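Structural characterization, general
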Amino acid sequence: MTWRGPQFDGEFPSLGWGVIDFIEAGLRVPLGKDAGEPLRLTDEQLEFLVRLYRIDPITGARVVRRGQLRRAKGWGKSPLVAGLAVAELCGPVRFGGWDADGEPIGVPEATPWVQIAATAEDQTDNTWTPLLAMLANSPLVDQFDLDVGLTRILRRGTPSKIEFVTAKSGTREGQPVTFAVLDETHLWDQGNGGKKLAATIRRNVAKTNGLSVETTNAHTPGMGSVAEDTQTAIEDDRTSAGILVDTLEGPDVPDPTDRPKLIAALRVAYGNSTWVDLNRIADEYVDPDTDPSDAARFYLNRLVAAGG
């Protein structure tokens, strides 16, 4: 048995649909007016997960080995990868064969070891804080007998876990990590140990045929960040295999004081993230204390040089 074949142009087999169902059935909105309500992913988030968990239609092997989610500040990157961390701990993230209809079957990782990584401990809060909130009052805690702590999440009676790590955590070489989040990689560079940490994590994940995902805002070109290295890698056919970059840039706005054009550009960059107040973002964009190049990178997700 192999995949049933495409039912529309461009369709491919993916375990992402099962991962989506797992996340939406078990996790809660972490922040805002809907905090505590069942989590519902946006269409853009759904598309990213379906592409991230794409599999070969014959063998069921993973197509993507590492991903980068580069979106505007506040788009929802950190809550999304927090949900992914839980799915990788307990959910149907591995290929388990084909059913009678030729659909892929997802099964849990045998011995999941999930890491949320950053260059400094307080930076891990970007993902860890919503992760804890998403598990509050979640049925997954009892269903999988989770021990939810401030620095790690364990499945009792097993070696399975989610933990956060930093560049200062000591050597990580050789750990059989099955999934890793590399948080805010536009800030990871040679000087803060980010490049070494990224390389170590990717080697470890490769040993388990696992997966890693970067979250990042638009990086500063020429600064040599891990995020920039990924952009360089996908532009070269020799290094791009198995790398997925998901990004959407707002159009250039030469005159940000043209409010309608700025709002229209922000609407493109933020897409389905309807919880973002674009008028407030526009106010921050034109604030005289906001560097124009920073505004373009953080709010329009544009790759512009410092001072550009």
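Now for a look at the structure at hand. Please read all numbers here as calculations on a predicted model, not as lab measurements.

**Thoughts on the layout of surface pockets**
As a volume, the largest pocket reaches approximately 830 Å³. Lining the largest pocket are 27 residues, and of these L31, G74, G76, P79 and W275 sit closest to its centre. Partitioned by chemical class, the residues of the lining of the largest pocket number 11 nonpolar, 10 polar and 6 charged. Within this model, the second largest pocket holds a volume of roughly 350 Å³. Along the walls of the second largest pocket sit 20 residues, with F12, P13, S14, W17 and V50 positioned nearest its centre. Elements with a minimum of two residues in the lining of the second largest pocket: helix 1 (16-26), helix 2 (43-52) and strand 3 (104-107). A per-element tally of the lining of the second largest pocket places helix 2 first, with 4 residues. Each residue belonging to the lining of the second largest pocket can be placed in one class, and the counts come to 11 nonpolar, 4 polar and 5 charged.

**Here we look at the sheet that holds strand 7 (residues 161-166)**
Pairing is mixed in the open sheet, where 8 strands are placed in the order 5-6-7-4-8-9-1-10. Two strands in the sheet have a free side with no partner beyond their single neighbour: strand 5 (146-148) and strand 10 (243-247). Averaged over all adjacent pairs, the angle separating strand axes in this sheet is 15°, with direction ignored. Note: strand 4 (residues 113-118) against strand 8 (residues 179-183), 4 bridges, orientation parallel. When the bridges of strand 8 are listed, I116 appears paired with V181. The sheet strands contacting helix 2 are strand 1 (66-70), strand 9 (211-216) and strand 10, and the helix crosses strand 10 at an angle near 175°. Where helix 6 (residues 194-207) meets the sheet, its contacts fall on strand 1, strand 4, strand 7, strand 8 and strand 9, and the angle it forms with strand 8 comes to roughly 165°.

**Overview of the pattern of salt bridges**
Tallied over the full model, the rule gives 19 salt bridges. A salt bridge links R4 to E103; its shortest N-O distance comes to 2.6 Å. Linking R4 in the segment before helix 1 with E103 in the loop between strand 2 (94-98) and strand 3, this pair joins segments that are 99 residues apart in sequence. Residue classification places R4 among the partly exposed positions, given a relative accessible area of 27%. We note a salt bridge from E88 to R62, for which the minimum N-O separation is 3.6 Å. Note that E88 is positioned in helix 3 (residues 77-90) and R62 in the loop between helix 2 and strand 1, a separation of 26 residues in sequence. Summarising the burial analysis for this pair, E88 and R62 share the class buried.

**Focus on helix 4 (residues 125-135)**
Regarding helix 4, the residues found buried are T127, W128, P130, L131, M134 and L135. At the C-terminal side of helix 4, N137 shows a positive phi close to 60°.

**Structural notes on the packing of aromatic side chains**
Summed over all chains, the structure comprises 4 aromatic pairs. Against the face of F12 rests R54, its NZ or CZ located 4.1 Å from the ring centre.

**A short note on the pairing of strand 3**
In terms of strand pairing, strand 2 meets strand 3 through 3 bridges, oriented antiparallel. Paired with R94 across the two strands is V107, which belongs to strand 3. The antiparallel pairing of strand 2 with strand 3 creates a hairpin that spans 5 residues between the two strands, and G102 there sits at a positive phi of about 80°.

**Considerations on helix 6**
Over its 14 residues, helix 6 extends 20 Å from the first C-alpha to the last, a length consistent with the 20 Å expected when each residue adds 1.5 Å. Within helix 6, the full set of buried residues consists of G194, L197, A198, T200, I201, N204 and V205. Along the long axis of helix 6, the arc covered by the buried residues comes to 165°, so they all point the same way. Turned more than 90 degrees away from the buried face of helix 6, the exposed residues are K196, A206 and K207.

**Quick word on the side chain of E214**
Take E214: it is sitting in strand 9. Here the side chain of E214 touches T185 through a polar contact of 2.6 Å, side chain to side chain. Among all residues touching E214, those that are not within four sequence positions of it are R66, G67, Q68, L69, L182, T185, R202, V226, A227 and T230.

**Digging into the nonpolar core**
Within the largest apolar cluster, 49 residues are counted, with the highest numbers of intra-cluster contacts made by I23, L52, L131 and I162. The set of elements that each furnish at least two residues to this core consists of helix 1, helix 2, helix 3, strand 4, helix 4, strand 7, strand 8 and strand 9. By residue number, the principal contributor to this core is helix 3, which donates 9 residues.

**A look at the environment of Q231**
Secondary-structure assignment places Q231 in helix 7 (residues 226-234). Owing to a relative accessible area of 15%, Q231 belongs among the buried residues under this scheme. Expressed as a C-alpha distance, the spacing of Q231 and P221, which sit 10 residues apart in the sequence, is 9.9 Å. Apart from residues lying up to four places away in sequence, Q231 is in contact with R70, H219 and L303. Within the structure, the side chain of Q231 is placed 3.0 Å from the side chain of E235, a separation counted as a polar contact.

Reading guide: rules and limits
- Residues numbered from 1 in each chain as written.
- Predicted model: local features only at pLDDT ≥ 70, side-chain atom pairs only at ≥ 80, totals over all residues.
- Heavy atoms only, no water.
- 1 Å grid on protein atoms, 1.4 Å probe; cavity = no way out; pocket = protein on both sides within 12 Å on 5 of 7 lines; lining within 4 Å.
- Points joined across faces, edges and corners; volume = space filled by probe spheres on them.
- Nonpolar A, V, L, I, M, F, W, Y, C, P; charged D, E, K, R; others polar.
- Helix = DSSP H or I, 4+ residues; strand = E, 2+ residues; numbered from the N terminus.
- Pairing = 2+ DSSP bridges.
- Axes fitted to C-alpha atoms, helices over the stretch in contact; angles between N-to-C directions.
- Contact = heavy atoms within 4.5 Å.
- Salt bridge = Lys/Arg side-chain N within 4 Å of Asp/Glu carboxyl O.
- Buried < 20%, exposed > 50% of the residue type's maximum accessible area, 1.4 Å probe, protein only.
- Phe/Tyr/Trp six-rings, centres within 6.5 Å; stacked < 30°, edge-to-face > 60°.
- Lys NZ or Arg CZ within 6 Å of the ring centre and 35° of its normal.
- Expected span 1.5 Å × (residues − 1).
- Arc of directions from axis to C-beta.
- Polar contact = N/O pair within 3.5 Å; in protein donor to acceptor, adjacent residues only side chain to side chain.
- Core = buried A, V, L, I, M, F, W, Y, C linked by side-chain atoms within 4.5 Å.

That's the geometry; what it means functionally is another story.
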